[in-house]
Amino acid sequence: MREFLGALALQGGYNTTLVMVGAALLGAAGGGVGAFALLRRRSLASDAMSHATLPGIVLAFMIGHAVLGEGRFVWLLLMGAALTAGLGLWVTTLIAARTRLREDAAIGIVLSTFFAAGVVLLTVVQSLNLPGQAGLQGYLLGSTAGMLRAEAELIAAAAAVVAGAVFALRNLFIVTAFDEGFAAARGVNTVRLDFALLILVLAVVVIGLKAAGVVLVIALTIIPPVTARLWTDRARDMALIAAGLGAAGAYVGAGLSATVPNLPTGAVIVLVQFAVFALSLALAPRRGLVAAAVRRARLVREIKSGRWRPASAEGGA
Amino acid sequence: MNEFLQFSLVPMAMAALAAIACALPGNFLLLRGQSLVGDAVSHVVLPGVVIGFLISGGASAVWIMAGAAMAAVIAAAAFEAVRRAARVEAGAAMGVVFTAMFALGVLLLEQSNARSVHLDVEHALYGNLESHIWLAAENWAALARAETWRAMPAEAATLAGVAAALSLLVALFFKELRLVSFDPDFARSTGMPTGVVQFAVVLASALAAVAAFSAVGSILVIAMFVCPPAAARLMTDDLARQVWLSAGVGAASAVIGFLAAGHAPLWLGFQSTVSAAGMIAVVSGLFVLGAAMFGARRASRA
Amino acid sequence: MLRVLPPRDAAVSPVTAAESPFHVSRLSAAYGDRPAIYDLTFTPPRGALAAVIGPNGAGKSTFLKAALGLIPKIAGETRVFGKPLSANRREAAYVPQRASVDWDFPASVLDVTMMGLQPEIGWLRWPNASHRARAMQALEAVGLAALAGRQIGQLSGGQRQRVFIARALVQDAEVYLLDEPFAGVDAATEAAIMDVFRDLARRGKTVICVHHDLATVRDYFDYVMLINVEKQAEGPVAAAFTAELVAKTYGRRALGLSSAYGA
């Protein structure tokens, strides 16, 4: 416990602090990007992308081993991840557009088969017994243990870049999220903007893979934005709150994982963010469950006792 | 041949049964646009299974199934609460619930491993099909003896039971399932309890996921929920035929995938095999690809 | 739409609650904490062709769904000839909006029509020849008998609406409740639907429609209720569908139209 509190206060040693700060930056980027993905209703498309990274990671490892004699270059693996994730996204849109299957089915198909292909490749690598292949396991569930300083610095830097990009594009995102037709009429290229958004989500996924793992990294782009939605109705505030919550949750979660034994990083970060979400769900003043129940009970009482009067605002009636 | 009976027959049959058990409810999820419920179910059962396993010390399939069913119930309730209160789309609400529950499952796995309770993370994720050997089946003659069958791996019997039960339920309640999937408002107007029917589909999915869990692991169960029904959907306009086809595609994926995983690497000069579960899911995806390119009813008309 | 029939007002006189085939009393429903309808009472006479009209968002669909118990209500109840609806669901047949369904669904015209027989066939039993015959009869009544085997995704909008109506007809109910049946259908379908309605009324059945087109109210219906969250008016068309009441229901939005309806 003392160790954990120390870590929170940046007293945990260079590596731990670096990991925590990197996680916070990643959480901020994930929250910010995820807020706009949520507004554009693309939250689960990102799930397909993240699962589709696995085959790319393993293939990159194999190619690296074949060409360079050694597969464990983070930049190489992440490039592979990005390529197959992009491919997965493309296949998803293709299926939804060209067949009678809808987007949910397309996402499920890509998610499961790409991931399965990754698992097959993983077992190929294991049976070939290539050096360093045990480290690939870490991409499944995430692990910051044994993370090299260079890797942590890369994560922190990349996350900062993504956060910066989201910040730079925030006005375009906000206008498009609110009213796509209006934005298009004002000359915003909504197709390209959507594409940019998905690229940024992909970037967060790829950056966060090592720390949080394939399955859970997507939570960084979903849970903080949904939490933020409970606290505000305005897009700009929502993105800011999501980024803040994402950063805080990741910071605390990474700290816990580093100081308490047997706590896998990705899982802990997600659970911390979920705890914040659950509290918000219960207690948020306008949209929280408690507040909504109180308002509903009041309405029911008014109607049943005949004291309710309609607001005289609509249609002049 | 003896090797086949002892080492391949049961895993192949288990994989086929798992595929069928998942494909059957998967058809109705697909038609309701709820394919991702299959994704969610296969993630949320993880904590339920781990808790059931821990409570019963790993001995009781009933506790594990009960844990999974509880997890599905909790997830369904949480999903509704999130969707209404936060007023976000179904996909996002589902994402919150299933990532959190999956994270809980992963955490419990790690913690229980620390106490040396044997639950392997890898196997929980993508199964351990090849381990279900049936040494008692020494030759075809042995199959005639009752004690050979009694020595069959227990998970195989569970899968057979679940697949049979689901097949029976789908057959018995076919017209109700069809009606609720097509027009739940109208169904409710005739007095049918549509909420119960829809929840029953989710519960059936959870039980299929848990039964399949031991064969193919939680993450690959979703392939079985989505791919065989999707392939079948692209091939026919008749719902009954679609359900049959989905079971057929599922079983075929299991057999082809298992054989490919076991033998193809040897043909290519490798020494050992690759993940059977992974190969099965990939094959099911190839079926979808084939149906998308050549299926009789692949284009949308509505 | 081009056929003008004499108004049926003479046949439509007020009835008591116990005599009404679909009496809704003091119905209120809300989404979350926003009330959609408040304190609505509706007492259509038997054999009436009744329209429920009001501006968008006034709660017309909500009224229908809450009256049928499809969405939760805060207060109120529905009675069929004086008996509670919940015990007499067979007497009310519902036709939802076309848009509420995915028409790419794997089912044929006959399959959908037979869905109307679900409560009669019951769980765990299979439809028999007489069920099929009744379904074919209903399809003939709407002019779709030749398309019985066709996949519903291949139908036009008007044909789809007619399948929905056949599904209701096969239930042989006392009251038929339809949500915007005339929205987006061709003239031939509109005429076919009105033929079905008039035949039902002739046989003493009651038809209640959520209707969107003010211009056709007088031609098609003989009883009307105007709502905008609360009830604004109810009664035979001549008495209740007047310029003042329409203007009051629609507010400023209908001002440009009110002169078309004359007093």
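Reading guide: rules and limits
Residues numbered from 1 in each chain as written. Chains lettered and ligands numbered in written order. Predicted model: local features only at pLDDT ≥ 70, side-chain atom pairs only at ≥ 80, totals over all residues. Heavy atoms only, no water. Pairing = 2+ DSSP bridges. Helix = DSSP H or I, 4+ residues; strand = E, 2+ residues; numbered from the N terminus. Axes fitted to C-alpha atoms, helices over the stretch in contact; angles between N-to-C directions. Buried < 20%, exposed > 50% of the residue type's maximum accessible area, 1.4 Å probe, protein only. Right-handed = clockwise from strand over helix to strand, strands pointing away. Polar contact = N/O pair within 3.5 Å; in protein donor to acceptor, adjacent residues only side chain to side chain. Contact = heavy atoms within 4.5 Å. Core = buried A, V, L, I, M, F, W, Y, C linked by side-chain atoms within 4.5 Å. Patch = residues over 30% accessible without salt bridge, like charges linked within 9 Å, V, L, I, M, F, W, Y side chains within 5 Å. Areas by Shrake-Rupley, 256 points an atom, 1.4 Å probe, with all protein chains shown as cover. Salt bridge = Lys/Arg side-chain N within 4 Å of Asp/Glu carboxyl O. Buried area = accessible area lost by both parts, 1.4 Å probe. Nonpolar A, V, L, I, M, F, W, Y, C, P; charged D, E, K, R; others polar. Phe/Tyr/Trp six-rings, centres within 6.5 Å; stacked < 30°, edge-to-face > 60°. Lys NZ or Arg CZ within 6 Å of the ring centre and 35° of its normal.

J.: How should the sheet that holds strand E8 (residues 206-210) of chain C be read in this particular structure?
T.: Backbone hydrogen bonds are what pair the strands of a sheet, in a parallel or an antiparallel way. Residues and elements named next belong to chain C. The strand order E6-E7-E8-E3-E9-E10 describes an open sheet built from 6 strands, whose pairing is mixed. At either end of the open sheet lies a strand with only one pairing partner, and these are strand E6 (92-95) and strand E10 (230-236). Averaged over all pairs of adjacent strands, the angle between strand axes in this sheet comes to 15°, irrespective of strand direction. As paired strands, E6 and strand E7 (residues 175-179) are joined by 4 bridges and run parallel to one another. What sits directly across from Val-95, in E7, is Leu-178.

J.: Even after reading the chapter, I still don't get the pairing of E7 of chain C, so can you show me in this structure?
T.: On a regular strand, one side chain projects to one face of the sheet and the next to the other, so that they alternate. Residue and element names in this part refer to chain C. Counted residue by residue, E7 has 5 buried out of 5 residues, so it is predominantly covered. On E7, burial covers both faces: Val-175, Leu-177 and Asp-179 on one face and Tyr-176 and Leu-178 on the other are all buried. Pairing between E7 and E8: 5 bridges, direction parallel. In the strand pairing of E8, Leu-178 is matched with Cys-209. Each parallel crossover has a hand, and for E7 linked through helix H6 (residues 187-202) to E8 it is right-handed.

J.: What am I meant to see in the side chain of His-23 of chain C here?
T.: Residues and elements named next belong to chain C. You can see His-23 is positioned in strand E1 (residues 23-31). In terms of polar contacts, His-23 uses its side chain to reach the side chain of Thr-43, at 3.3 Å. Aside from chain neighbours lying at most four places away, what touches His-23 is Ala-17, Thr-41, Phe-42, Thr-43, Glu-77, Thr-78 and Arg-79.

J.: I would appreciate a short explanation of the nonpolar core in the present structure.
T.: Across soluble globular proteins, you tend to see nonpolar side chains buried next to one another. Membership of the largest hydrophobic core comes to 268 residues, with the highest contact counts inside it found for Val-226 of chain A together with Ile-53, Ile-152, Phe-197 and Val-224 of chain C. Beyond its immediate sequence surroundings of up to four residues, Val-226 of chain A is in contact with Leu-38 and Phe-277 of chain A together with Val-82, Ala-86, Val-88, Ala-92 and Val-96 of chain B.

J.: I would appreciate a short explanation of a nonpolar patch on the surface in the present structure.
T.: All names here are of chain A. Taken together, the side chains of Leu-59, Ile-63, Val-67, Leu-68, Phe-73, Trp-75 and Met-79 define a hydrophobic patch exposed on the protein surface, amounting to about 700 Å² of accessible area. Those elements giving two or more residues to the nonpolar patch turn out to be helix H4 (53-68) and helix H5 (74-98). Looking at the secondary structure, you find Phe-73 in the loop between H4 and H5.

J.: Is there a simple way to explain the interface of chain B and chain C in this structure?
T.: Accessible area lost on assembly of the parts is the figure often given for the size of an interface. Contacts between chain B and chain C engage 28 residues on the former and 32 residues on the latter. For the chain B face of the interface with chain C, the top three residues by lost area are Lys-175, Phe-182 and Phe-186 of chain B, together amounting to 26%. Where Lys-65 of chain C meets Asp-185 of chain B, a salt bridge forms, and the shortest distance between an N and an O atom there is 3.9 Å. Mapped by element, the contributors of at least two residues to the side of chain B that touches chain C are helix H7 (154-172), helix H8 (174-182), helix H9 (184-189), helix H10 (194-233) and helix H11 (239-267) of chain B. The element that contributes the greatest number of residues to the side of chain B that touches chain C is H8 of chain B, accounting for 6 residues. By residue class, the composition of the side of chain B that touches chain C is 12 nonpolar, 6 polar and 10 charged.

J.: How should I be thinking about the packing of aromatic side chains in this particular structure?
T.: Between two aromatic rings, the relevant description is the distance of the centres plus the angle of the planes. Evaluated as defined, the whole model comprises 11 aromatic pairs over all chains. Geometrically, the ring pair formed by Phe-274 of chain A and Phe-277 of chain A is tilted, given 5.7 Å between the ring centres and 40° between the ring planes. One end of the pair, Phe-274 of chain A, and the other, Phe-277 of chain A, are both in helix H14 (residues 265-283), 3 residues apart, so they sit about a helical turn from each other. Using a relative accessible area of 28% as the deciding quantity, one classes Phe-274 of chain A as partly exposed. Members of the aromatic cluster, connected to one another through ring pairs, are Phe-182 of chain B together with Trp-103, Phe-105 and Phe-164 of chain C. The ring centre of Phe-167 of chain A lies 4.0 Å from the NZ or CZ of Arg-170 of chain A, which sits over that ring. Against the face of Phe-186 of chain B rests Arg-167 of chain C, its NZ or CZ located 3.6 Å from the ring centre.

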